[in-house]
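Fold and geometry: a report
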Amino acid sequence: VLSVSQLFNAVVNVIVNDGLTLILSVVYLMRMWSYSDALSWAGIFMTFIVVAVLVLISITSFKISHEQMEIDGVISSKLYQFLSGISKLRMAGAEDRSLNEYVKDYTRSVGLTRRMRMRINAGTNVSDSAKIIFSIVLFYQVIHESVSITPGEFMGFNSAFSSFSTAILAVAAAITTIGMLM
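These numbers were taken from a predicted model, which means no experiment stands behind them. (Residues numbered from 1 in each chain as written. Predicted model: local features only at pLDDT ≥ 70, side-chain atom pairs only at ≥ 80, totals over all residues. Heavy atoms only, no water.)

1. A look at the overall build of the protein
Regarding its fold elements, the protein presents five helices and zero strands. Counting from the amino terminus, the protein carries its helices and strands in the arrangement α-α-α-α-α. For 182 residues, the compact-globule estimate of 2.2 N^0.38 gives 16 Å, and the C-alpha radius of gyration of the protein, at 25 Å, exceeds that figure by more than 25%. Reported as C-alpha extents along the three principal axes, the dimensions of the protein are approximately 85 × 40 × 15 Å. Sorting the 182 residues of the protein into buried and exposed places 29% on the buried side. Carbon and sulfur atoms provide 66% of the accessible area of the protein, an area that totals close to 11,900 Å². Where the 13 positive side-chain charges of the protein centre and where its 12 negative ones centre are 9 Å apart. (Helix = DSSP H or I, 4+ residues; strand = E, 2+ residues; numbered from the N terminus. Rg over C-alpha atoms; globule rule 2.2 N^0.38 Å. Buried < 20%, exposed > 50% of the residue type's maximum accessible area, 1.4 Å probe, protein only. Areas by Shrake-Rupley, 256 points an atom, 1.4 Å probe, with all protein chains shown as cover. Lys, Arg positive; Asp, Glu negative; His and termini not counted. Charge placed at Lys NZ, Arg CZ, Asp CG, Glu CD.)

2. Remarks on the packing of helix α1 (residues 4-35) against helix α2 (residues 37-84)
Running from amino to carboxyl end, α1 crosses α2 at an angle of 140 degrees, the nearest separation of the two axes being 6 Å. The angle between the axes of α1 and α2 places the two elements in the oblique class. Taking contact as the criterion, the partners of Leu29, Met32 and Trp33 in α1 are, on α2, Asp37, Ser40, Trp41 and Ile44. Classifying every residue of the contact of α1 with α2 gives five nonpolar, one polar and one charged. (Axes fitted to C-alpha atoms, helices over the stretch in contact; angles between N-to-C directions. Parallel < 35°, antiparallel > 145°, perpendicular 65-115°, else oblique. Contact = heavy atoms within 4.5 Å. Nonpolar A, V, L, I, M, F, W, Y, C, P; charged D, E, K, R; others polar.)

3. Brief notes about the nonpolar core
One recurring pattern in soluble globular proteins is that nonpolar side chains are buried together. With 20 residues, the main nonpolar core has Leu39, Leu138, Phe157 and Phe161 as its most contacted residues. Among the elements of the structure, α2, α4 (95-144) and α5 (151-181) are those that each provide at least two residues to this core. Broken down by element, the residue count for this core peaks at eight residues, all from α5. Beyond its immediate stretch of four places on either side in the chain, Phe157 contacts Met32, Tyr35, Ser36, Leu39, Ser40, Leu138 and Ile149. If you look at the next biggest cluster of nonpolar residues, it comprises five residues, including Ile64, Ile71, Ile75 and Leu112. (Core = buried A, V, L, I, M, F, W, Y, C linked by side-chain atoms within 4.5 Å.)

4. A few points about the environment of Asp72
Considering the arrangement of structural elements, one finds Asp72 in helix α2. Exposure remark for Asp72: the relative accessible area of 35% places this residue in the partly exposed category. A sequence separation of 89 residues divides Asp72 from Phe161, and the C-alpha atoms of the two residues are 43 Å apart.

5. Thoughts on α2
Between the first and last C-alpha of α2 there are 70 Å, a value that for 48 residues agrees with the 70 Å anticipated at 1.5 Å per step. Two or three places before Leu39, at the opening of α2, Ser36 has a side-chain oxygen 3.3 Å from that residue's backbone nitrogen. (Expected span 1.5 Å × (residues − 1). Polar contact = N/O pair within 3.5 Å; in protein donor to acceptor, adjacent residues only side chain to side chain.)

6. Some details on a nonpolar patch on the surface
On the surface, Leu20, Leu24, Val26, Val27 and Met30 cluster together into a nonpolar patch covering about 460 Å² of accessible area. Along the chain, the position of Leu20 falls in helix α1. Look at Leu20 and you get exposed, because its relative accessible area is 52%. (Patch = residues over 30% accessible without salt bridge, like charges linked within 9 Å, V, L, I, M, F, W, Y side chains within 5 Å. Salt bridge = Lys/Arg side-chain N within 4 Å of Asp/Glu carboxyl O.)

7. Overview of the side chain of Ser36
If you trace the backbone, Ser36 turns up in the loop between α1 and α2. A polar side-chain atom of Ser36 sits 3.3 Å from the main-chain amide nitrogen of Leu39. Excluding residues that lie within four positions of it along the chain, Ser36 makes contacts with Val147, Ile149 and Phe157.

8. Remarks on the confidence of the model for the protein
Mean pLDDT over the protein stands at 84; residues scoring 70 or higher make up 91%. The secondary structure element of the protein with the lowest average pLDDT is helix α3 (residues 86-92), at 66, and the one with the highest is α2, at 88. (pLDDT = per-residue confidence, 0-100.)

Here it is as structure tokens:
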């Protein structure tokens, strides 16, 4: 659990760092527009789709994480109760029943851990594959939709677009971090 000052420092750090990133992303966006309007619209559209998917994955991950923390609290309290009352349980012959209660919650916790890992892997796969898909779509547009852009301009656009998408994804990550801290 974060103290108020730690929470405040984390939020300010995210706001300052990613505020600057957001300002620079506008510069990258203007640079993209100077090369090609059609490619810029495609790039913005693709970037915001990826951001929406990553934010959705983060929201579901936060819900799973919250549920897992609650279950882990129940598990540790049941384990403590089990260990502190073992002699009474043996006298009553209820060891199997209490162990069964513990294992039921532990199994649920392991399942949530697996779901959380799947969400993390999905987020990593989406962000890693987005870069390749972005390149494929942009090359397709240049080749098949007759976007009038020279190879040098395309390299400049691609560089600006890479910086723009990286900046926007960093801002999206910061927003989800602030949401998690709150």
